[in-house]
Amino acid sequence: MDMSGSVVVISPHFDDAVLSCGNWLAACPGSTVLTVYSGVPPSSTPLTDWDRRCGFQSADQAMLARHEENRAAMAVLGARNLDLGLLDEQYTRQQAGPGRLTGMLATALTTLQPAVLLLPLGLFHRDHLRVSEAALTIWRLFERPLGGRWLAYEEALYRRKPGLVQSRLAALRAQHIVATPVPGPAYRGERKTRAVAAYASQLEPLGLVPGQGDDAAPERYWELSAEQAGK
């Protein structure tokens, strides 16, 4: 498929875009990764079980380290990262409402005007589903002004859980959204593996060896279109 023009990947957390779309990013240097839950929590925030398993002593230390890991991954792929700065679900009981999240994404995308937009399909994790639904709201309301092609990517690791992809596709169809499979980039090489390896703190807790797990499987994408009346 034609991957020319500006590419924007919406990533719920640091590592999601690289794990799921790293080959696409490697094939299109200069792409932008828009990371939603990138905020650094206050130092008083209790240490979560996940951050403890990743080897950190505090929540703010964990997020600051992930910022550095992400910068290294972006450098490998020749991509740039933009942060929306919202707090990850594990750090707050007061998640940004859907209106605020949708508004922030719409503002960013209106500025970026991507030729190709890659958004998470919305599998398993609540943060992923929130981001997916916010992006789909923008797609329904502003597809023409924003232009470009809108594709949903299957989130690596989650897509291997039985039935999740099928359930999500059925949910989209119930919203009158048609998702048509399209091939990912033909690019194959070591850059994605090196970029995945940059997220060193999370590899062991995820049970992931870069280049040997689901991150190395073919990337899968679904192009979105509105269901035509009478179909």
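The rules behind each value
Residues numbered from 1 in each chain as written. Predicted model: local features only at pLDDT ≥ 70, side-chain atom pairs only at ≥ 80, totals over all residues. Heavy atoms only, no water. Salt bridge = Lys/Arg side-chain N within 4 Å of Asp/Glu carboxyl O. Helix = DSSP H or I, 4+ residues; strand = E, 2+ residues; numbered from the N terminus. Buried < 20%, exposed > 50% of the residue type's maximum accessible area, 1.4 Å probe, protein only. Lys, Arg positive; Asp, Glu negative; His and termini not counted. Polar contact = N/O pair within 3.5 Å; in protein donor to acceptor, adjacent residues only side chain to side chain. Contact = heavy atoms within 4.5 Å.

(A) Expanded view of the pattern of salt bridges. With the rule as written, the count across this model stands at 13 salt bridges. With its nearest N and O atoms 2.8 Å apart, the salt bridge here joins Asp 127 to Arg 130. Linking Asp 127 with Arg 130, this pair stays in helix α5 (residues 126-146), spanning three residues, or about one helical turn. For Asp 127, a relative accessible area of 0% translates into the label buried. Classification of Arg 130 as partly exposed rests on a relative accessible area of 26%. Note that Glu 223 is salt-bridged to Arg 149, the shortest N-O span being 2.6 Å. Of this pair, Glu 223 sits in strand β7 (residues 220-226) while Arg 149 is found in strand β5 (residues 149-153), placing the two residues 74 residues apart along the sequence. Looking at Arg 149, the relative accessible area reads 28%, which means it is partly exposed.

(B) Here's a closer look at the side chain of Glu 155. For Glu 155, the location among the structural elements is in the loop between β5 and α6 (164-174). Summary of buried charges: Glu 155 has no salt-bridge partner, and the nearest side chain of opposite charge, Arg 168, is 7.3 Å away. Within polar-contact distance, the side chain of Glu 155 engages the backbone nitrogen of Gly 122 at 3.1 Å. Setting aside residues no more than four positions away along its own chain, Glu 155 makes contact with Ser 20, Pro 120, Leu 121, Gly 122, Leu 123 and His 128.

All quantities given are derived from atomic positions and should not be read as evidence of function.
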